[in-house]
Amino acid sequence: MKVPVSITVNGKQYDKMVEPRLLLVYFLREELALTGTHIGCDTSSCGACTIHLDGKALKSCTMLAVQANGKSVTTIEGMANGEELHPLQEGFHMEHGLQCGFCTPGMIMCAADMLKNNPNPSEEEIRHGLEGNFCRCTGYHNIVKSIQYAAKKMA
Amino acid sequence: MTYIGSSVKRVEDKRFITGQGRYTDDIVLPQMTYACMVRSPHAHAEIVNVDISHASQMDGVVKIFTGKDTDAAGIGGVPCGWQVDFKNGDTMKEPPHPLLVSDKARHAGDAIAMVIAETYAQAKDAAEMVIVEYNVLPAVTNSKIARADGAPQVHADVPNNLAFDWELGNPREEVDAAIAGAHHVTTLEFINQRVICNAIEPRSAIGHFDTAYDKYTLYTSTQNPHLIRLLMCAFVLGIPEHKVRVVGPDVGGGFGSKIFHYTEEALVIWGSNQIKRPIKWTAERSESFVTDAAGRDHITTAKMAFDKDGNILALSSDTFANMGAYLSTFAPAVPTYLHGTLLQGLYTTPLINVSVDAVFTNTTAVDAYRGAGRPEATYLLERLMDTAALEMGRDPAELRLQNFIAPFDGVEQEGYQTQVALQYDSGNYAPVLKRGLEMVGYEQFRADQKAAESTGKLLGIGFSTYVEACGIAPSAVVGALGARAGLFESAQVQVHPTGKVSVYSGSHSHGQGHETSFAQVVADKMGIPMEDVEIIHGDSDAVAFGMGTYGSRSLAVGGSAIVKSIEKVLEKGAKIAAHLLEASVDDLDYAEGKWTVRGTEKSVAFGDVSLTAYVPHNYPEGLEPGLDFSSFYDPANFTYPFGCHICIVEIDKESGVVKVKRFIAVDDVGNVINPMIVDGQIHGGLAQGIGQAFCEGAVYDESGQLVNGTYMDYVMPRADDLPSFEIDRTVTPCPHNPLGVKGAGEAGCIGATPAVVNAVMDALKGYGIHDVEMPVTSQKVWNIIHGG
């Protein structure tokens, strides 16, 4: 009952046979072993599974792998350019925007989309933009600063 | 370079920001199978029959175990690690907590069967086809109701569901007499509601039995690998401890919920030997909600008595503490020795009596959640203080200052002996409150508050000053209080021939940044670059022993163990250096990575000494080769951080919406190794403490269902619910550990909650109310304002 999908992930095309019910997040984690995308809630509430689909941030537990057929996915593993970190990755490091690191990939993917649409967000806009992502460690304080760091660097 | 005291960026970050963190669910072993638990949907129900016949035949199913199988294997269940006796001396009631229940389910989520299949989807499909016949019984979820005659009995042999009762402090008659004769008495009856820890990584465990070596490996999302091994081997499965390796890899937040030994850990280990294949179990979020030990859940009546000048005369408190359906690993300690012992607060209260009934209910177990007992104590005291100030027409800050214990450093002045068993190590309380008042601009605020009245907004300010007990804990002391374990820590400092250093710590980092702050300590004390130091933790085959991370103990206890080992390394290194320099040990100084003969240019570098230790050709006679030391550090006392939290809320009168406008925190956690990391710990604690005040809380219906058991229903603070925090600190070193540190992990969560509620009460003081129940939702506030 498996069906074929062809999904480009971090610039590389993968042709796989998958169960129609397989969620995109399980495709990434289990079929491709890209375990940087995390599962925190099963109800699309926590944002730990946020990836980019054709350049837009999306919770990968919200869609099926078959719905991503023919599309292009970017995960946290695809954000750095070789050894050169993405400004958001650098920002999270420099501003201590992470503690346990579990929500971090989703935060970074969400923030990357946010900054694409609004390169110079206010603190209020950043906080509003992060509304779909839970962090239980940082109280969000340093996540806001991390995104401000990246916005400045990318300007 | 001086590393201690500087905000060194974290060395562990790289793997997390690039998606290379390795959490338990990320691990895949050859031939691995997947488990799905069949859980009771009922809070209280006899299990009449479990039919696995159809499920067993389904695609991919490898094996299904039920309670009959674990009963037949003679597995008794997971133990409790702390014994608290009844007031009359009887041992607490400790009914078994089976891995899989065969007789009756005692809370919604109790596991009845473990279905193992080739994929998780197949296991889940088959779990749905396990047919369980129940005889549903009435359930009880409220600890006060459960205590009453005629309430449903969670365990047949525990009358009135009372696990134990407990009392501490001055005789109740003396306290009651002082209260009866007092000028003013403030009384509060309140619920400190159940909250769910909600680490964003759901719990996960992989059991692997390696038939080649007859050895088990458990990968588990734990704060506490060695203790899990000890409990599981000695008390659950009866397997030899040296044949079990427990690994706590990267762990996505704990906050207490991952301290404890859970049934699923023992199940996947036991099951992996039955089927001779690895088994992975990972909780879905709704499963975490009903199986992770929760926090708080106290129903309390407290009285604080004052003389006419506002001096505190006495305090009494009576609490029903909900234990849930079973006693979790440290549960009995939380409402007793981590709560009652903190009711002195920072005040000179001369008479205190605290009484606790620990009660079983048909709910998920309750145990330590960030702060564990100390947030409940602080909430009790600090709500009383602000309420008393309001009732007596006193300023809440002044009332506190008047009653503070005078400064003591634990060196020149003795520690402070409380009425409730503890001796505080050092404290200087007025400066944190005064600094907080300065930061908030107290006088200006009161003017703004008046001005806001005409705008449809209500402003309120709330105070909270706290002292807590960290650095858990002196083994003999906790042993006398019922702990069934020591609470020391161990560390090995292994110097390699090239002078590089591996440090094996029994503490476990799950966000605290030990790989950085511990390395700062090692590099500074040894005078070597941080890059030459690696911190290894979380693997019982690498680290000889450990007691894990909780109770803000890692640096105070684990860090002290590291310092002890470093001292041994440097002492032996000096002997080798003296030999190489043809000098006496007494004539050597050690600084910046080399031993120098005092008053000369003659020196030998650390790397030359380490090489000599492993290539001992020219070597002191009688000295063993090698440079590698282990130490165990058992603290002399708890540590006692303290602080002042001030919250400003704005309430929209029309909607009742409460907005936390500003939050000021001045904490004193002793000496600070890495200010950036300490600030981060405070931020996170504040968010959780504030969350309990205004949005979080488990809600059960009458049948015992947790009705908000998903992230769609359980409200936690999101980024736009919180302000940026304004924080500062004072430094009062701990007098009894080598680093002078006290611990920062829980402070934010301990102080914050009452500050928020006090601020709401201050905003609503014109509405003639005495208290408001947490969480302070906009609906509750709207009802107060509009008389709904």
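Here, residues in each chain are numbered from 1, in the same order as that chain's written sequence. Following the order in which they are written, the chains are lettered starting with A and the ligands numbered starting with 1. The predicted origin of the model limits local features to residues at a pLDDT of at least 70 and limits the giving and counting of side-chain atom pairs to 80 or more, whereas totals for whole chains, interfaces and linings rest on all residues. Here the side-chain values reflect all heavy atoms present in the structure, with hydrogen atoms and water set aside.

Colleague: Quick one: what's the story with the domain arrangement of chain A, residue by residue and with numbers?
Modeller: Residues and elements named next belong to chain A. Assigned domains within chain A: domain 1 (3-78) and domain 2 (87-154). Each domain's limits were defined by an automated method or a database of domain assignments. Between the C-alpha centres of domain 1 and domain 2 the distance comes to 21 Å. When checking whether two residues touch, look at their non-hydrogen atoms; a contact exists if any pair is within 4.5 Å. At the interface, 18 residues of domain 1 touch 14 residues of domain 2. What makes a salt bridge here is a side-chain nitrogen of Lys or Arg within 4 Å of a carboxyl oxygen of Asp or Glu, nothing more. Across the contact surface, domain 1 and domain 2 share zero salt bridges. A 3.5 Å cut-off defines polar contacts: any pair of N or O atoms within that distance qualifies, except that in protein one atom must be a possible hydrogen donor and the other a possible acceptor, and neighbouring residues in sequence count only when both atoms are side-chain atoms. At the junction of domain 1 with domain 2, the criterion picks out eight residue pairs in polar contact (both at pLDDT 80 or more). The numbering of helices and of strands both runs from the N terminus, where a helix is a DSSP run of H or I of at least 4 residues and a strand a run of E of at least 2. Residue assignment for the side of domain 1 that touches domain 2 shows that the elements contributing at least two residues are strand 3 (50-53) and strand 4 (56-59).

Colleague: Go over the interface of chain A and chain B, please, and point to the residues and values.
Modeller: Facing 44 residues of chain A, the contacting portion of chain B comprises 50 residues. Defined here as a combined quantity, buried area equals the accessible surface (1.4 Å probe) lost by two parts on assembly, summed across both. Buried area between chain A and chain B, both sides added, is near 4,100 Å², and the carbon and sulfur share of it is 55%. A per-residue breakdown of the area chain A buries against chain B is headed by His96, Phe134 and Arg136 of chain A, which together make up 21% of the total. For the pair chain A and chain B, the interface holds four salt bridges. For Arg29 of chain A, the salt bridge identified is with Asp25 of chain B, shortest N-O distance 2.9 Å. On inspection of chain A and its partner chain B, the count reaches 29 residue pairs in polar contact (both at pLDDT 80 or more). Broken down by secondary-structure element, the contributors of at least two residues to the side of chain A that touches chain B are helix 2 (87-94), helix 3 (104-117), helix 4 (123-129) and helix 5 (141-154) of chain A. The classification used treats Ala, Val, Leu, Ile, Met, Phe, Trp, Tyr, Cys and Pro as nonpolar, Asp, Glu, Lys and Arg as charged, and all other residues, Gly among them, as polar. Residues of the side of chain A that touches chain B, tallied by class, amount to 16 nonpolar, 19 polar and nine charged.

Colleague: An account of the packing of aromatic side chains is requested, with residue identities and associated values reported.
Modeller: We call Phe, Tyr and Trp rings a pair once their centres come within 6.5 Å, taking the six-membered ring for Trp, and we label the pair stacked below 30 degrees between planes, edge-to-face above 60, and tilted otherwise. Within the structure shown, the criterion is met by 25 aromatic pairs over all chains. Seen from their ring centres, Trp82 of chain B and Phe330 of chain B are 6.4 Å apart, and the 85° between their planes marks the pair as edge-to-face. One end of the pair, Trp82 of chain B, is in the loop between helix 3 (67-72) and strand 4 (104-105); the other, Phe330 of chain B, is in the loop between strand 14 (312-324) and strand 15 (352-360), with 248 residues separating them in the sequence. Judged by relative accessible area, Trp82 of chain B falls into the buried class, the value being 8%. Three or more aromatic residues link up through ring pairs in this structure, and these residues are Tyr347, Phe404, Phe408, Tyr416, Tyr424, Tyr429, Phe638, Tyr640 and Phe642 of chain B. Sitting over the face of the ring of Tyr262 of chain B, Arg203 of chain B holds its NZ or CZ atom 3.6 Å from the ring centroid. Either the NZ atom of lysine or the CZ atom of arginine qualifies as a charge over a ring when it sits within 6 Å of the ring centre and within 35 degrees of the ring normal. The ring of Phe134 of chain A has Arg718 of chain B sitting right over it, with the charged end atom 3.8 Å from the ring centre. Accessible area is worked out with a 1.4 Å probe on protein chains only. A residue is then buried under 20% of its type maximum, exposed over 50%, and partly exposed in between.

Colleague: Break down the sheet that holds strand 2 (residues 45-51) of chain B for me, citing the residues and quoting the values.
Modeller: Backbone-to-backbone hydrogen bonds join strands into a sheet, with any given pair of strands oriented parallel or antiparallel. Residues and elements named next belong to chain B. Taken in spatial order, the three strands of this open sheet run 4-2-6, and their pairing is antiparallel. Looking at the sheet topology across the chains shown, the edges are occupied by strand 4 and strand 6 (131-136). Relative to strand 6, strand 2 is paired through six bridges, and the arrangement is antiparallel. Opposite Asp51, over in strand 6, you have Ile131 as the bridge partner. Here, strands pair whenever DSSP counts at least two bridges between them.

Colleague: So what's going on with the domain arrangement of chain B? Residues and values would help.
Modeller: Residues and elements named next belong to chain B. Under the domain assignment used here, chain B contains domain 1 (13-137 + 201-252 + 258-291), domain 2 (295-472 + 637-786) and domain 3 (488-633). A separation of 39 Å is found between the C-alpha centroids of domain 1 and domain 3. Taken together, the contacts link 18 residues of domain 1 with 15 residues of domain 3. At the boundary of domain 1 with domain 3, total buried surface from both sides reaches about 1,400 Å², with 48% on carbon and sulfur atoms. For domain 1, the biggest contributors to the area lost against domain 3 are Gln223, His226 and Arg245; these three give 40% of the whole. Counting across the interface, domain 1 meets domain 3 through three salt bridges. The partner of Asp541 in a salt bridge is Lys215, with the nearest N and O atoms 3.0 Å apart. Put simply, domain 1 and domain 3 have eleven residue pairs in polar contact (both at pLDDT 80 or more) between them.

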